[in-house]
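# Structure assessment
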There are 2 protein chains.
Amino acid sequence: MQKDQNFKEKKIAGEKVFSGQLLQVYKDEVELPSGKKSFREFIKHPGASVVIPYLGNNQIMLVNQFRYPVNKTMLELPAGKIDPGESYKATMIRELFEETGLKAETMIQLAPIHTCIGYSNELLYLFWASGLEKTDHNIDTDEIISLNPIDISDALELIYTGEISDGKTIVGIFWADKILKDKKLQLRFNINI
Amino acid sequence: MQKDQNFKEKKIAGEKVFSGQLLQVYKDEVELPSGKKSFREFIKHPGASVVIPYLGNNQIMLVNQFRYPVNKTMLELPAGKIDPGESYKATMIRELFEETGLKAETMIQLAPIHTCIGYSNELLYLFWASGLEKTDHNIDTDEIISLNPIDISDALELIYTGEISDGKTIVGIFWADKILKDKKLQLRFNINI
């Protein structure tokens with residue numbers, strides 16, 4: 001890979017064009033490497049965490065959630081935005097608990113995912129969680145519709161049919177499949193199956 | 001999965017809060033299933049296509065592109081936004097040509113990817129392209145920095161180290177790995193390796 005430095009788009013000017021509760025939208029004028037000028041519109045996002053809750057026996061926990069922007073109920077891995085001052089790991093623990101009522105004994109950070117680099121700086125971190133225990137936490141039914149334990153092979157099938165279409169969830173399922181089948185990857189990420 | 005109908009968030013009111021060249025940002029007031037009210041801020045996106053250019057011998061073509069929102073040069077599958085009136089397939093053909101100078105003999109639509117369902121309706125379609133031929137097209141160096149043919153096993157390794165972090169690219173690499181290893185999946189998607 002070549003060095004970023006020579007290819008950077010330099011910021012000439014910038015303004016915040018929308019400040020919402022969720023979205024902070026910016027419009028910058030930039031100079032391209034060729035000297036040409038252009039505009040970049042993008043969102044500043046606090047980051048988020050997504051977790052693979054491993055239930056044992058090749059099963060993971062997915063949740064059903066209605067997503068207004070796509071007007072659809074989506075089958076997803078538990079995930080959520082970082083609250084001010086929170087770490088990726090703390091976010092992951094909180095979201096796992098809020099969305100599934102589960103607490104994990106083992107939590108492993110896997111890898112970063114940039115969700116939509118064309119117009120957002122959102123950076124997600126993917127975690128593995130196992131040694132899961134149920135609590136008596138009541139799931140917020142305004143957010144989560146149902147819990148769906150699913151076999152990895154069935155989850156892969158739902159990716160192939162397009163029924164699972166959420167990007168972070170597809171990434172997490174493929175990762176889980178690799179981890180479950182590859183002892184070297186388990187060792188590398190310090191995961192005991 | 002339960003029916004969407006009972007869990008839909010109903011739109012009460014809505015306004016467009018930013019109309020840019022790239023981003024169309026909306027803020028809707030919604031009624032949650034519980035009767036509570038809330039706001040949803042989101043982006044309307046025209047959709048996009050992403051392509052796995054299969055070079056043969058377990059190699060795919062990635063491109064290096066500087067991405068302003070994340071202020072980084074990213075290693076990605078060729079991809080791009082739908083132009084007005086364009087189909088997903090036509091977008092994929094155009095972007096493959098513009099970003100790599102390649103033309104494909106075989107093009108197969110694989111599956112949909114919603115990139116960031118928390119705040120965008122963006123829907124990407126993933127394609128497989130093979131039977132690739134070089135043309136004398138000059139790559140736009142304001143957009144693409146370099147072409148990077150890479151072995152699937154090396155691409156997987158870059159996912160595990162976090163060096164490949166672009167969501168759509170991670171999904172495409174995992175898909176390519178599955179297709180290359182699974183004859184049944186090749187038959188199912190009518191792909192000849």
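Here the structure is a predicted model, which means the values were calculated and not measured. (Residues numbered from 1 in each chain as written. Chains lettered and ligands numbered in written order. Predicted model: local features only at pLDDT ≥ 70, side-chain atom pairs only at ≥ 80, totals over all residues. Heavy atoms only, no water.)

## Considering the overall build of chain A
Within chain A one finds four helices and ten strands. Each helix and strand of chain A, placed in order from N terminus to C terminus, yields the pattern β-β-β-β-β-β-β-α-β-β-β-α-α-α. For chain A, the spread of C-alpha atoms along the principal axes amounts to about 55 × 40 × 35 Å. Expressed as a percentage of contacts within chain A between residues at least 6 apart in sequence, the contacts between residues at least 24 apart total 56%. Entry remark: accessible area of chain A is about 8,700 Å², with carbon and sulfur atoms responsible for 46%. Here chain A holds 23 positive side-chain charges and 27 negative ones, and the gap between their average locations is 9 Å. (Helix = DSSP H or I, 4+ residues; strand = E, 2+ residues; numbered from the N terminus. Contact = heavy atoms within 4.5 Å. Areas by Shrake-Rupley, 256 points an atom, 1.4 Å probe, with all protein chains shown as cover. Lys, Arg positive; Asp, Glu negative; His and termini not counted. Charge placed at Lys NZ, Arg CZ, Asp CG, Glu CD.)

## Regarding unusual backbone geometry
Although it is not a glycine, N190(A) sits at a positive phi angle of roughly 60 degrees. Counting through the fold element by element, N190(A) comes out in the segment after α4 (183-188). Of the residues examined, N190(A) reaches a relative accessible area of 58% and is grouped as exposed. We note that N71(B) has phi near 55 degrees; this positive angle belongs to a residue other than glycine. Position of N71(B) relative to the elements: it lies in the loop between β5 (59-67) and β6 (72-76). (Buried < 20%, exposed > 50% of the residue type's maximum accessible area, 1.4 Å probe, protein only.)

## Re the relation of the copies chain A and chain B
Rotating chain A by 180 degrees and moving it 0.0 Å along the rotation axis overlays it on chain B with an RMSD of 0.0 Å. On the angle and the small slide along the axis, the relation comes out as a two-fold axis. Comparing contact sets, 100% of the residues at the interface of chain A also lie at the interface in chain B, consistent with an isologous, same-surface contact. (Least-squares fit on C-alpha atoms with pLDDT ≥ 70 in both.)

## Focus on the packing of aromatic side chains
Taken as a whole and judged by the stated rule, the model has 13 aromatic pairs over all chains. Plain terms: the ring middles of F42(A) and Y68(B) are 5.6 Å apart, the flat faces sit at 75 degrees to each other, and that makes the pair edge-to-face. Of this pair, F42(A) sits in strand β3 (residues 37-44) while Y68(B) sits in the loop between β5 and β6, on two different chains. Y68(B) matches F42(A) in its accessibility class, with the two residues each being buried. Ring-pair connections join several aromatic residues into one group, and the members of that group are Y26(A), F42(A) and Y68(B). Above the ring of F39(B), the side-chain terminus of K27(B) is found at 4.9 Å from the ring centroid. Across from the ring centre of Y26(B), 4.4 Å away, lies the NZ or CZ of K44(B), which sits over that ring. (Phe/Tyr/Trp six-rings, centres within 6.5 Å; stacked < 30°, edge-to-face > 60°. Lys NZ or Arg CZ within 6 Å of the ring centre and 35° of its normal.)

## With respect to the packing of helix α2 (residues 152-160) of chain B against helix α3 (residues 167-181) of chain B
Residues and elements named next belong to chain B. Following both chains from N to C, one finds α2 and α3 inclined at 140 degrees, their axes separated by 10 Å at the closest point. The angle between the axes of α2 and α3 places the two elements in the oblique class. Note that α2 runs across α3; the crossing there is left-handed. Residues I152, A155, L156, I159 and Y160 of α2 form the contact with α3, whose own contacting residues are I170, I173, F174, A176, D177 and L180. Partitioning the contact of α2 with α3 into residue classes produces ten nonpolar, no polar and one charged. (Axes fitted to C-alpha atoms, helices over the stretch in contact; angles between N-to-C directions. Parallel < 35°, antiparallel > 145°, perpendicular 65-115°, else oblique. Left-handed = near helix turned anticlockwise from the far one by under 90°. Nonpolar A, V, L, I, M, F, W, Y, C, P; charged D, E, K, R; others polar.)

## Remarks on the interface of chain A and chain B
Each side of the interface is counted separately: chain A has 75 residues, and chain B has 75 residues. Here chain A meets chain B over a buried area of about 6,800 Å², counting both sides, of which 61% is carbon and sulfur. Of all residues in chain A, Y68(A), I117(A) and Y160(A) give up the largest surface area on contact with chain B, accounting jointly for 12% of the area buried on that side. Linking chain A with chain B are four salt bridges, by the criterion used here. For the salt bridge of K178(B) with D177(A), the shortest nitrogen-to-oxygen distance reads 2.6 Å. Inspection of the region where chain A meets chain B yields 20 residue pairs in polar contact (both at pLDDT 80 or more). It is helix α3 (residues 167-181) of chain A that provides the largest number of residues to the side of chain A that touches chain B, a total of nine residues. Along the lines of polarity and charge, the residues of the side of chain A that touches chain B split into 36 nonpolar, 18 polar and 21 charged. (Buried area = accessible area lost by both parts, 1.4 Å probe. Salt bridge = Lys/Arg side-chain N within 4 Å of Asp/Glu carboxyl O. Polar contact = N/O pair within 3.5 Å; in protein donor to acceptor, adjacent residues only side chain to side chain.)

## Some thoughts on the sheet that holds strand β3 (residues 37-44) of chain B
All names here are of chain B. The strand order across the open sheet formed by three strands is β1-β2-β3, and the pairing between neighbours is antiparallel. Strands with a single pairing partner mark the edges of an open sheet, and in this sheet they are β1 (10-19) and β3. When the angles between neighbouring strand axes are averaged without regard to direction, this sheet yields 20 degrees. (Pairing = 2+ DSSP bridges.)

## Structural notes on the environment of Q59(B)
All names here are of chain B. Position of Q59 among the secondary structure elements: in strand β5. Given the relative accessible area of 29%, Q59 is considered partly exposed. When the C-alpha atoms of Q59 and Y119 are compared, they prove to be 34 Å apart, with 60 residues separating the residues in sequence. Setting aside anything within four residues of it in sequence, one finds Q59 in contact with P53, Y54, P149, I150 and D151.

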